[in-house]
Amino acid sequence: MSDNLITDAVFQHTAKLSRLEIKPEESYIKDQLAQAAQYVEVLKELNTDNVPPTYQVNHKSNVLREDVVNDSLSQDLALSQAENTTDAYFKTAPTINKNK
Amino acid sequence: MTDLNKLTLKEAREGLLSKKFTAVELTQSCLDRIKSLDKKLNSFVTVTGEDALKQAQSVDINLPLGGIPIAVKDNYLTKDIRTTASSRVLDNYLAQYDATTIKKLKNAGAIIIGKTNLDAWAHGSSTETSDYGPTLNPWNMEHLPGGSSGGSAAAVAADETIISVGSETAGSIRQPASWCGVVGFKPTYGRVSRYGVIAMKSSTDSPGPICKTVDDAANLLEIMSGSDPFDATSIDEPPWKKPELRQNLKGLKIGLPLSYFPPQTQPEVKEAILGAVETLKKLGAEIIELSDVLDPKYSIAVYTILQRSEVSSNLARFDGIRYGHDRSFFGTEAKRRIMLGTYSLSAGYYDAYYLKAQKVRTLICQDFDNQFKKVDAIIGPVSPTTALKIGASEGQSMFGEIQDMLVEPSSIAGLPGISIPCAFDKIGLPIGLQIMAPQKREDLVYQIAKLFEDNTDYHLERPKL
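From a predicted model like this one, the values you see are computed outputs, not experimental measurements.

Right, let's get into the overall build of chain A. A tally of regular secondary structure across chain A gives three helices and two strands. When its helices and strands are written in sequence order, chain A yields α-α-α-β-β. Computed over its C-alpha atoms, the radius of gyration of chain A comes to 23 Å, more than 25% above the 13 Å expected for a compact globule of 100 residues. Taken along the three principal axes of its C-alpha coordinates, chain A extends 55 × 45 × 30 Å. Expressed as a percentage of its 100 residues, the buried residues of chain A come to 14%.

Put into structure tokens, the structure is as follows:
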């Protein structure tokens, strides 16, 4: 937590991982991220050696059920909210560029 | 009869069953109120209108909520009524199924009159970050209603509905209830199914009621609660039932954490809570000052990290392929939160941020465990201030976290809590008292809140509109 300087490179990389386009007029987000990162430094005041993390507060784990087939959405209904479909599928942007 | 919209759930049920008025008249009364007020107040993103009236015509009023108009926060999926989460990303989204709570409400005969405004994706404590404009506070329209369930709280306070549902991740039921002078009941994490409520911070998201009285909220919670095979984190228990009423609070120890009065606490808020302490003492409770409760400032930091992290994961699904628009439609607030979450989860920062926060979360849970060895329940202000002015959240990247600092610790630990009206400040804005108890002890929260309400008149005040 000591080095929380958010450089341009880190900021751009984070935007890429987030799949977000940050507009020039939103560049102030970078400073706000740095401020938030600075604020949470307060946690360093607390000793957490040998303290386990809590991911889940009602302590349920491995909730399993029999693998029984139940009713689900029809194909038409499942596709009904998509902007682009083709035949009976969702249409997505290409993820593999054949020319490379 | 006029002003049916002003009735409580209890009064509306009695009126319907004794045939003083019909479900159609009751529904029409709420719709009329919305029509006359909501262009300005902006509690609703969508109003169902004719569909609600049609439903009211054929509803069985003998059902637990038969014919009762309800306003639903617009992050609950509702089949055939659009669900936006107050974000343009979902501007045209029609859910293919109902949230578990919506199914239960429909089975109980409730009439959904509309979907209420929230901070976009429930990211905030002002309802000011909604892509559909801010909701105003019915007590003073220059002020914010709080959030994120600001639309639900304002709709109840303004008598646009009889009852409503909101959702809380860290204050989003209790804080707007406090700022709007109504009752907000946040159940134990897992008491009410999260299935079909658009995920924000999954490890603390808790749907719950916002109503005009403690009993109304408890009655609605009975219907909303219960284990759900579609939510693996729901508590494996039958639906919650209201306990017997207590005659007084004798034998109960109630803790008052001194750290819940941070320096920015408005003097009137402190006075109000100390006034409430006197009322509780008169009712027989023993009030114990707690001087060693973990400073809420740590909860702000834990919440900031964990909320952003879970948000960055939960909002990854909004890619515009299966539903909604693409990611260019996200507003600045959502972008800011996704970015910080992605940063704190990414390689090189995970241990320092996410893991550290989850360890401090353990300390917060242990702190409550220790306090509850000394006291049965804990009280305090919901918010350090009354409703702030419109515009207060702008440009403040941690506005919500700081406003919600007194409700974050109990949310992080998954505890039940309630906000009830306990005073007004000098310009007439409501002040909320919160009551918290150990996990699954909604019975204690209810008993204390109900006795406080029965012995005070604050819940009877309504805004002059």
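Picking up after the structure, the text goes on.
This paragraph deals with the sheet that holds strand S3 (residues 111-116) of chain B. All names here are of chain B. Pairing in this open sheet of 11 strands is mixed, and the strands run S1-S3-S2-S4-S6-S5-S10-S11-S9-S7-S8 from one edge to the other. Each edge of the sheet is formed by a strand with only one pairing partner; in this case those strands are strand S1 (44-47) and strand S8 (286-290). The sheet shows a mean angle of 30° between the axes of neighbouring strands, taken without regard to direction. Sheet topology places S1 next to S3; three bridges connect them, and they run antiparallel. Residue pairing in the sheet places Phe44 in a bridge with Thr116 of S3.

Let's shift gears to helix H4 (residues 100-107) of chain B. All buried positions along H4(B) are accounted for by B:Thr100, B:Thr101, B:Ile102, B:Lys104 and B:Leu105. Directly beyond the C-terminal end of H4(B), a positive phi value near 90° is found at B:Gly109.

Next up on the list: the confidence of the model for chain B. Here chain B averages 96 in pLDDT, while 100% of its residues score no lower than 70. Here the prediction assigns the complex a pTM of 0.96, and the interface score ipTM is 0.91.

It is worth spelling out the interface of chain B and chain A at this point. In this assembly, 49 residues from chain B lie in contact with 41 residues from chain A. Elements that contribute at least two residues to the side of chain B that touches chain A include exactly helix H9 (296-314), helix H10 (332-345) and helix H11 (351-374) of chain B. The element contributing the most residues to the side of chain B that touches chain A is H11(B), with 12 residues. Looking at the side of chain B that touches chain A residue by residue, the classes come out as 25 nonpolar, 16 polar and eight charged.

Attention now moves to the pairing of strand S9 (residues 377-381) of chain B. Residues and elements named next belong to chain B. Burial runs high along S9: five of the five residues are buried. Across two bridges, the pairing between strand S7 (residues 253-257) and S9 is parallel. Following the sheet pairing, Ile254 is matched in S9 by Ala377. Pairing geometry for S9 and strand S11 (residues 430-436), over four bridges, is antiparallel. Of the residues in S11, the one forming a bridge with Ile378 is Met436.

What follows is about the nonpolar core. Residues and elements named next belong to chain B. Among the nonpolar cores identified, the biggest contains 152 residues, and Ile70, Ile111, Val302 and Ala377 are the most heavily contacted of them. No other element matches H9, which puts eight residues into this core. What Val302 contacts, discounting residues up to four positions off in sequence, is Ala357, Val360, Arg361, Ile364 and Ile412.

Cis geometry is found at the peptide bond from B:Gly147 to B:Ser148, where omega equals 10°. Note on placement: B:Ser148 falls in the loop between S3 and helix H5 (150-157). Although it is not a glycine, A:Asn50 sits at a positive phi angle of roughly 65°. Residue placement: A:Asn50 occurs in the loop between helix H2 (29-39) and helix H3 (75-79). Take A:Asn50: there are 6 C-beta atoms within 10 Å of it, and that puts it in the exposed class.

About the criteria used
Numbers given to residues run from 1 along each chain, matching the order in which its sequence is written. Ligands are numbered from 1 and chains lettered from A, in the order in which they are written. Under the rules for a predicted model, residues below a pLDDT of 70 receive no local features and side-chain atom pairs below 80 are neither given nor counted, while totals for whole chains, interfaces and linings still include all residues. Helix and strand assignments follow DSSP, with helices taken as H or I runs no shorter than four residues and strands as E runs no shorter than two, numbered in order from the N terminus. Based on C-alpha atoms, the radius of gyration is set beside the globule rule, defined as 2.2 Å times the residue count to the power 0.38. Any residue with 12 or fewer other C-beta atoms within 10 Å of its own C-beta is exposed, any with 20 or more is buried, and the rest are partly exposed; the C-beta atoms used are placed from the backbone. Any two strands with at least two DSSP-identified bridges between them are counted as paired. Axes here refer to lines fitted to C-alpha atoms; in helices the fit is confined to the stretch in contact. Angles between the N-to-C directions go from 0 to 180 degrees. Each residue carries a pLDDT score, the predictor's own confidence in it, on a scale running from 0 to 100. Contact criterion: two residues are in contact if their C-beta atoms, reconstructed from the backbone, are within 7 Å. By the convention adopted, Pro, Cys, Tyr, Trp, Phe, Met, Ile, Leu, Val and Ala count as nonpolar, Lys, Arg, Asp and Glu as charged, and the other residues, Gly among them, as polar. Structurally, a nonpolar core is described as a collection of buried Ala, Val, Leu, Ile, Met, Phe, Trp, Tyr and Cys residues joined by way of C-beta atoms within 7 Å.

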